[in-house]
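Now for the letters of each chain:
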Amino acid sequence: MKETAVLGGGCFWCTEGVFQALRGVESVVPGYCGGHVDEPTYEQVCSKQTGHIEVVRVEFDPEVISFRDLLNVFFLTHDPTTPDRQGADVGPQYASAIFCQNEEQRRLAFEVIEELQAEFDQPIVTHVLDSSTFWPAESYHHNYFARNPNQGYCQMVIAPKLHKFRQRFQALLE
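**Details of helix H4 (residues 103–116)**
Then, number 1: Over its 14 residues, H4 extends 20 Å from the first C-alpha to the last, a length consistent with the 20 Å expected when each residue adds 1.5 Å.
Then, number 2: For H4, the set of buried residues is Gln105, Arg106, Leu108, Ala109, Val112, Ile113 and Leu116. Across the axial projection of H4, the buried residues extend over an arc of 165°, all falling on one side. Of the exposed residues in H4, the ones pointing more than 90 degrees away from its buried face are Glu103 and Glu114.
Then, number 3: Packed against the buried residues of H4 are strand E1 (3–9), helix H3 (67–76), strand E6 (96–100) and strand E7 (127–130).
Then, number 4: Capping the start of H4, Asn102 holds a side-chain oxygen 3.1 Å from the backbone nitrogen of Glu104, two or three residues further along.

Listed below in structure tokens is the structure:
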């Protein structure tokens, strides 16, 4: 039976590419979570007025990959120590966040944060939040890196991140 994880680790173009490569992940959809506007657009979210965070909704088979494994990948493929920022991407929509789908996810989120804190020089500031309505992003955001590998942001930011990810997490890859 599949489960869902909703994770915000900066730009959803980056996080989508990471999670799509994992064995046991059945789908990854970029979108928005946590805000106060129904059916927000990318432009509205980028205005920093809606309260939404860019996230990916990851559908996965827990018999193949655990939520704990997803969290380890999540924390070690973005900087969870920078509030509302990932590199040059700055704003509340780029916050590090876990939208817990149940109490077990909440428990594991805090457990993994405590375990991984020693790997970071600064405190982990990832928001551990209750489940919230997920709004899928516009279709042009879906599979962005796969469809636009030569675009500047993809070459300078996403490609190096994916390379580092593939080296570190080879055992979890498709």
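From this point on, the discussion continues.
**Examining the layout of surface pockets**
Then, number 1: A volume near 260 Å³ is recorded for the largest pocket.
Then, number 2: Lining the largest pocket are Phe75, Leu76, Thr77, His78, Asp79, Glu119, Phe120, Lys161, Lys164, Phe165, Arg168 and Phe169.
Then, number 3: Put simply, the parts of the chain that give the lining of the largest pocket at least two residues each are H3 and helix H6 (152–168).
Then, number 4: Here the lining of the largest pocket gets four residues from one element, more than from any other, and that element is H6.
Then, number 5: For the lining of the largest pocket, the residue count by class is five nonpolar, two polar and five charged.

**Overview of H3**
Then, number 1: Of all 10 residues in H3, seven are buried; the element is thus mostly enclosed.
Then, number 2: Taken together, the buried positions of H3 are occupied by Phe67, Leu70, Leu71, Val73, Phe74, Phe75 and Leu76.

Cut-offs applied
Residues numbered from 1 in each chain as written. Predicted model: local features only at pLDDT ≥ 70, side-chain atom pairs only at ≥ 80, totals over all residues. Heavy atoms only, no water. Helix = DSSP H or I, 4+ residues; strand = E, 2+ residues; numbered from the N terminus. Expected span 1.5 Å × (residues − 1). Buried < 20%, exposed > 50% of the residue type's maximum accessible area, 1.4 Å probe, protein only. Arc of directions from axis to C-beta. Contact = heavy atoms within 4.5 Å. Polar contact = N/O pair within 3.5 Å; in protein donor to acceptor, adjacent residues only side chain to side chain. 1 Å grid on protein atoms, 1.4 Å probe; cavity = no way out; pocket = protein on both sides within 12 Å on 5 of 7 lines; lining within 4 Å. Points joined across faces, edges and corners; volume = space filled by probe spheres on them. Nonpolar A, V, L, I, M, F, W, Y, C, P; charged D, E, K, R; others polar.

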